Amino acid sequence: MDFKSVERKWQEKWKEDRIFEPKVKEGKKFFITVPYPYMSGSLHIGHGRTFTMGDIIARFKRLQGYNVLFPMAFHVTGTPVLAIADSIKKGDEKVIALYKDYVRIYEKDEKRVEEIVRSFVEPENIAKYFADKAIHDFLSMGYSIDWRRRFHTAEPIYNKFVEWQFQKLYEKGVIKKGKYPLTYSPADGNPVGEDDIKDGDTDKVSIMEFTAIKFRMDNGNYLVAATLRPETIFGVTNLWVNPNGNYARVRVGDETWVISNEAYEKLKYQKRDVEKIGDISGRELIGKYVEEPANGRKVIVLPAEFVDVDNATGVVYSVPAHAPYDYQALVDLKKSKEYEKYGISEEEMNEVEPIKIIDIKGYDMPARDICEKMGIENQKDARLEEATKIIYKDEFYSGVLNEKCGKFAGIKINEIKDEVKNWLISMNRGDVFYETSRKAVTRNGNKVIVAVLDEQWFIDYSPKWWKELGHKETDKMIFYPEKYRDMMHGIIDWLDKRPCARKRGLGTRFPWNREWIIESLSDSTIYMSFYTIAHIIRENKIEAKKLIPEVFDYVFLGNGDKKEISEKSGIPEEIIDKMREEFEYWYPNDLRHTSPAHMSNHLAFFIMHHVAIFPEELWPGGISLNGLMIREGAKISKSKGNVIPLAHISERYGVDLFRLYCAVAADMDTVMDWKEAELSSLRKRFEKFVAMLEASIGAEELSGEMNHYDRWLLSRFYRRYEESIEQMEHFKIRDAMLNMIFHLSNDIRYYEKHVGEERSRKMVRKIMEDLLKILTPVIPHTAEELWHRMGKNTYISLEKLSPPKKEYIDETLENEMEYVDSLIEDIREILSVAKIEPKKIYIYTAEPWKWEIYEKIKDVSPKNAIKEAMKIEVPVEKGEVAKFVKRILKEKRKFSKIDERKVLERERDYIAREIGADIEIDSDYDPKNKKPIAMPLKPAIYVEQ
RNA sequence: GCGGGGGUUGCCGAGCUAGGUCAAAGGCGACAGACUCAAGAUCUGUUCCCGUAGGGGUUCGCCGGUUCGAAUCCGGCCCCCCGCACCA
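Quick caveat, the model's predicted, so the values are computed rather than measured.

Caption draft 1: The overall build of chain A, seen in detail. Helix and strand counts for chain A stand at 33 helices and 29 strands. The C-alpha atoms of chain A give a radius of gyration of 38 Å, which is well past the 30 Å a tight globule of 945 residues would have. Reported as C-alpha extents along the three principal axes, the dimensions of chain A are approximately 115 × 85 × 55 Å. Going through the 945 residues of chain A one by one, you find that 55% of them count as buried. Taking the contacts inside chain A whose residues are at least 6 apart along the sequence as the reference set, 75% of them involve residues at least 24 apart. If you sum the accessible surface of chain A, you get close to 42600 Å²; carbon and sulfur atoms cover 47% of it. Counting 153 positive and 162 negative side-chain charges, chain A places the centres of these two groups 1 Å from one another.

Caption draft 2: Representation of the protein's contact with RNA strand B. Surrounding RNA strand B, one finds 43 residues, the nearest of these being Tyr38, Tyr180, Pro499, Arg502 and Asn601. Considering the 4 Å shell around the protein, atoms of RNA strand B inside it are sugar or phosphate in 46% of instances. Ile941 places a main-chain nitrogen or oxygen 3.1 Å from a base oxygen of RNA strand B. If you list the elements that add at least two residues to the surface near RNA strand B, you get helix H16 (483-494), strand S19 (497-499), helix H21 (599-613), helix H24 (676-697), helix H26 (733-755), helix H29 (811-834) and strand S29 (940-944). Of the residues assigned to the surface near RNA strand B, the class counts are 15 nonpolar, eight polar and 20 charged.

Caption draft 3: The arrangement of the sheet that holds strand S26 (residues 672-674) in detail. Pairing is mixed across the open sheet formed by three strands, whose spatial order is S25-S24-S26. The open sheet has two edge strands with one neighbour each: strand S25 (634-635) and S26. As judged from the three bridges shared by strand S24 (residues 629-631) and S26, these two strands associate in the parallel manner. Each residue of the ladder has a partner; that of Met629, found in S26, is Met672.

Caption draft 4: Representation of the sheet that holds strand S23 (residues 622-625) within the structure. With respect to topology, five strands assemble into an open sheet ordered S2-S1-S22-S23-S18, the strand pairing being parallel. The sheet terminates laterally at strand S2 (67-69) and strand S18 (478-480), the two strands that pair on one side only. The average angle at which neighbouring strand axes cross in this sheet is 20 degrees, direction not considered. Where S18 lies against S23, three bridges are found, and the strand directions are parallel. Counted as the bridge partner of Ile478 is Gly622 from S23.

Caption draft 5: A look at the pairing of strand S5 (residues 207-216). Where S5 lies against strand S16 (residues 430-436), seven bridges are found, and the strand directions are antiparallel. Directly across from Ile207, in S16, lies its bridge partner Thr436. Two strands pair when backbone bridges link them, and S5 and strand S6 (residues 222-227) are joined in this way by six bridges, in the antiparallel orientation. Within S6, the position partnered with Ile213 by the bridge is Ala225.

Caption draft 6: Spatial organisation of the pattern of salt bridges. All told, the structure shown has 74 salt bridges when counted by the stated rule. Between Asp146 and Arg148 there is a salt bridge; the shortest N-O distance is 2.8 Å. Asp310 serves as the salt-bridge partner of Lys266, at 2.8 Å between the closest nitrogen and oxygen. Of this pair, Lys266 sits in helix H8 (residues 261-267) while Asp310 sits in the loop between strand S12 (298-303) and strand S13 (315-318), and the two are 44 residues apart along the sequence. Judged by its relative accessible area of 2%, Lys266 falls in the buried class. Beyond isolated ion pairs, a larger network of salt bridges with shared partners links Arg18, Glu21, Asp146, Arg148, Arg149 and Glu582.

Caption draft 7: Inspection of H21 at higher detail. Compared with an ideal rise of 1.5 Å per residue, which puts 15 residues at 21 Å, H21 spans 20 Å between its outermost C-alpha atoms and is within 8% of the ideal. Where burial is concerned, most of H21 is hidden: 13 out of the 15 residues are buried.

Caption draft 8: Expanded view of the packing of aromatic side chains. For the coordinates displayed, the defined rule picks out 65 aromatic pairs. Taking 5.7 Å as the distance between ring centres and 65 degrees as the angle between the ring planes, the aromatic pair formed by Trp240 and Phe306 counts as edge-to-face. Here Trp240, found in strand S7 (residues 238-241), pairs with Phe306, found in the loop between S12 and S13; they are 66 residues apart in sequence, far enough to count as distant. Using a relative accessible area of 0% as the deciding quantity, one classes Trp240 as buried. The side chain of Lys214 reaches across the aromatic face of Tyr222, ending 5.6 Å from its centre.

Caption draft 9: Inspection of the nonpolar core at higher detail. Formed by 148 residues in total, the largest nonpolar core has its most connected members in Phe138, Ile649 and Trp674. Leave out the neighbours within four places in its chain, and Phe138 touches Pro37, Leu43, Phe51, Met72, Phe74, Tyr143, Ile145 and Trp147. Listed in part, the 72 residues of the second largest apolar core include Ile491, Leu547, Ile576 and Trp586.

Caption draft 10: Main features of the side chain of Glu907. Turning to its location among the elements, Glu907 is positioned in helix H33 (residues 900-915). Judged by its relative accessible area of 1%, Glu907 falls in the buried class. Ignoring anything within four residues of it in the chain, the contact list for Glu907 reads His708, Tyr709, His754, Met817 and Val820.

Caption draft 11: Inspection of unusual backbone geometry at higher detail. Put simply, Tyr480 and Pro481 share a cis peptide bond, and its omega is 0 degrees. Within the secondary structure layout, Pro481 lies in the loop between S18 and H16. Here the amide bond leading from Tyr587 into Pro588 is cis, since omega sits at 5 degrees, within 30 degrees of zero. For Asp922, which is not glycine, the phi dihedral falls at a positive 50 degrees.

Caption draft 12: Fine view of helix H13 (residues 383-398). Counted at 1.5 Å a residue, the expected span for H13 with its 16 residues is 22 Å, and the 22 Å between its end C-alpha atoms agrees. For H13, the set of buried residues is Leu384, Ala387, Ile391 and Glu395. The buried side chains of H13 occupy one side of the element, clustering within an arc of 55 degrees when seen end-on. Opposite the packed face of H13, turned more than 90 degrees from it, sit the exposed residues Lys389, Lys393 and Tyr397. Summarising the contacts, the buried residues of H13 are in contact with helix H10 (324-336), strand S14 (358-359) and helix H12 (366-374).

Caption draft 13: The packing of helix H2 (residues 45-63) against helix H23 (residues 655-664), seen in detail. Two elements in contact, H2 and H23, have axes separated by 10 Å at closest approach and are oriented at 85 degrees. Judged on the interaxial angle alone, H23 and H2 are roughly perpendicular. Contacts from Ile45, Gly48, Arg49, Thr52, Met53, Asp55, Ile56 and Arg59 in H2 reach Phe658, Arg659, Cys662 and Ala663 in H23. A breakdown of the residues in the contact of H2 with H23 according to their chemical character gives six nonpolar, two polar and four charged.

Caption draft 14: Expanded view of the environment of Asp810. Secondary-structure assignment places Asp810 in the loop between helix H28 (780-789) and H29. The exposure class assigned to Asp810 is partly exposed, which follows from its relative accessible area of 25%. Considered as a pair, Asp810 and Trp712 are 98 residues apart in the sequence and their alpha carbons are 7.3 Å apart. Among all residues touching Asp810, those that are not within four sequence positions of it are Arg711 and Ser715.

Conventions used here
Residues numbered from 1 in each chain as written. Chains lettered and ligands numbered in written order. Predicted model: local features only at pLDDT ≥ 70, side-chain atom pairs only at ≥ 80, totals over all residues. Heavy atoms only, no water. Helix = DSSP H or I, 4+ residues; strand = E, 2+ residues; numbered from the N terminus. Rg over C-alpha atoms; globule rule 2.2 N^0.38 Å. Buried < 20%, exposed > 50% of the residue type's maximum accessible area, 1.4 Å probe, protein only. Contact = heavy atoms within 4.5 Å. Areas by Shrake-Rupley, 256 points an atom, 1.4 Å probe, with all protein chains shown as cover. Lys, Arg positive; Asp, Glu negative; His and termini not counted. Charge placed at Lys NZ, Arg CZ, Asp CG, Glu CD. Near = heavy atom within 4 Å. Polar contact = N/O pair within 3.5 Å; in protein donor to acceptor, adjacent residues only side chain to side chain. Nonpolar A, V, L, I, M, F, W, Y, C, P; charged D, E, K, R; others polar. Pairing = 2+ DSSP bridges. Axes fitted to C-alpha atoms, helices over the stretch in contact; angles between N-to-C directions. Salt bridge = Lys/Arg side-chain N within 4 Å of Asp/Glu carboxyl O. Expected span 1.5 Å × (residues − 1). Phe/Tyr/Trp six-rings, centres within 6.5 Å; stacked < 30°, edge-to-face > 60°. Lys NZ or Arg CZ within 6 Å of the ring centre and 35° of its normal. Core = buried A, V, L, I, M, F, W, Y, C linked by side-chain atoms within 4.5 Å. Arc of directions from axis to C-beta. Parallel < 35°, antiparallel > 145°, perpendicular 65-115°, else oblique.

In structure tokens form, the structure reads like this:
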């Protein structure tokens, strides 16, 4: 078969007859979507796997009689396309070369390539060019997509839709403006992402939230210490300040804070109205007394060189009862009498004693106990780190705040969340200070700090009602593979506030502040609903400005008065009706197919936004996911140079072969490794299979009396057919195709061995119709071609599956054949082990009494088996019966009854042919006394040389 | 750190949510035979170890447990991979 021209032929016919443009009609429907691709380049085989899987599912559902909608659109929102256009404008050689490569996939003429890439200085041109090419690629893959509904995400009509969506979320109270901490480079004046930070990919930088606690100084200023464990404030004995550090007096609103200079530089980016009003050295602070906020005790400021002025506020408070570092520093200081240098007296030092505030089994004074136990001698001991970890872990799991903690007494450490922090903040003695989890710089070497944007818009996913709906839907919907359900629950729990607007990029302007653009994942959450009406908007040339929120309210939610809306929007009533009808028919989205990379962002938002906006009956029906594709063991990436564009598939491999390879090379769930060697072996087998089908088309369908071989093949086929349907339904596409192509091929070959080629063809012709149908989802072009060559004038792509002809399934017959084959195998093994040339082979089947006993004891527990067996009267001695039963128990085989002798007589010639020797069955001649060995389904064998 | 997934015979990879029919599917690779002047392709067979009668032995990351019986269930340990937010 000339696959290439067959592909083209049917793609054109499908397009011409618009067979994948479903209409609203009676009967069951199925609405499947695959996320639209981002249009910053050409598509490759990795994308191809996901879209192919989507198409296979869509086509299978069609086969099952569903009216299937499979639409597609294009994503252009965000900054990447913009950045590419900028780079090209600036003449960035690398980017220009990359994009020339992309364009060369489609254009032969180098001049034309130049010209096109030059046009890419406009970001819209990039999106438009690649979207056009993507349509071409998708068509060339035979995907059954309804292209009338396509759009891209920067179109005004789509913008209107996204605005409406945000309006709905706003009404729910989850669109908020507020403070948001993020990593930031003051020198660059920009937020920095993981990609911008040096070693950011290998050594993650996260944002830590410290509680800043204000200790009142005599002059009314606050010395501000930062901590990650605010509940320990009750055990504070002193503050630590670096005597060599430079500190600053900083006006914060109407207060004055003392923090390190470095901390001031950070605070500027975290709070408004912050101003440095003076310097103060660390030395000057030492020896002063400050008032702690919990109980109003006065505590002393002590020197400590371990205090890092470039971490948080540069001031820490000391809890020597529970922090090994603090404890050891205090011990060292007392011992060295260094404090005298700062004019602190021994009496004052003696006042500073650990205050235990956490009760925990096994410890008297936790920090002291662990330091002594580990033999830690001074504060430079590296094991302090470990000691801290141990104490923290023990306290976390079994510690309880004691009576010194006022109203917090009795709370377990692992149950304390923000109570103490919030309490301090409510007294105006606490605040939040953000710090990076490690010291970090940008790739250019600029310092990275945490800045707080206070005009940031975000979606707040944290409300309880919302998460509850999300969990409810996650429980209800289909997940394939099932394991992703639990993962989704975890993700929904983890969701929190998420910024949803940026200053740059293509997309939809933020409705409440036009300077902001809605961020690209936030605008792609419920767009599947837009597919239901996009073609109506297009065909009726409805301008974006007419798509006022009331229109969407009516179409998607059924709210409002149609007549009024029609007047207000200028859209005729019948068109509004049509949109509503179309939406009501297609929604919900029955299945969303994509890859697991989308779990924690897109798919989570997909669920959350649906449950927030739509009534429960319109929530998504399910999610299915296929794994990554790699090539020859390596990740596919442009930089590795191992990308195969989707546009080359038809030319170089053949589309149906590619589709089949995607289907069988790996379970949908797992990583698929594209291997050229495997692909070429698959090609051979596939071509052979197709050739076999082609050769059978002309044959006359098998009719009349059927022999047992005929019945056997029909039984095998319809068993597999039935299994395959079941497998396809459960997304076991690989199993189904292995079953229907490769295992079936083996059956047919086996059958042909018995009945010859001519009869085999007739048989294949007999099952061909059903066979082609079930193969259609995976190899649609080949199936369509063979279907028509069979003389059919419908599209197999639109045919319905026939139910399996169960009357043909004959288990006993299949068991008989299996029995014969395992016997042949046994004989072969004997021949090979014994290294003998057979002249004649004697086969002795198990005597009837053995079958009788077997039938009797097969369901009896092993303990009673012998006893039961003895009850049967047999023509042999009891000892032999016991021996036989023991063997049965040992082999533990399950078999159903067949008439062995009858089968062997029937297959005698076949066995003789396979072995190359004469066969005699149940002869009285038994020179080596083999007969007693015979077991049900395992005859005794004697080979005569 | 938190969350998720996984370690299977030369390699890749099923099976392991319902324990026995599992020495463990399938593919790749390798070996042998058929075909061919030859190579390739194709077909057949073999591919953990031992064995001149269909048998036996040792395997499914490591250690232990449950069971008549575990690659499959339970506990502990070791190792690997992925995600962790403003990024499409």
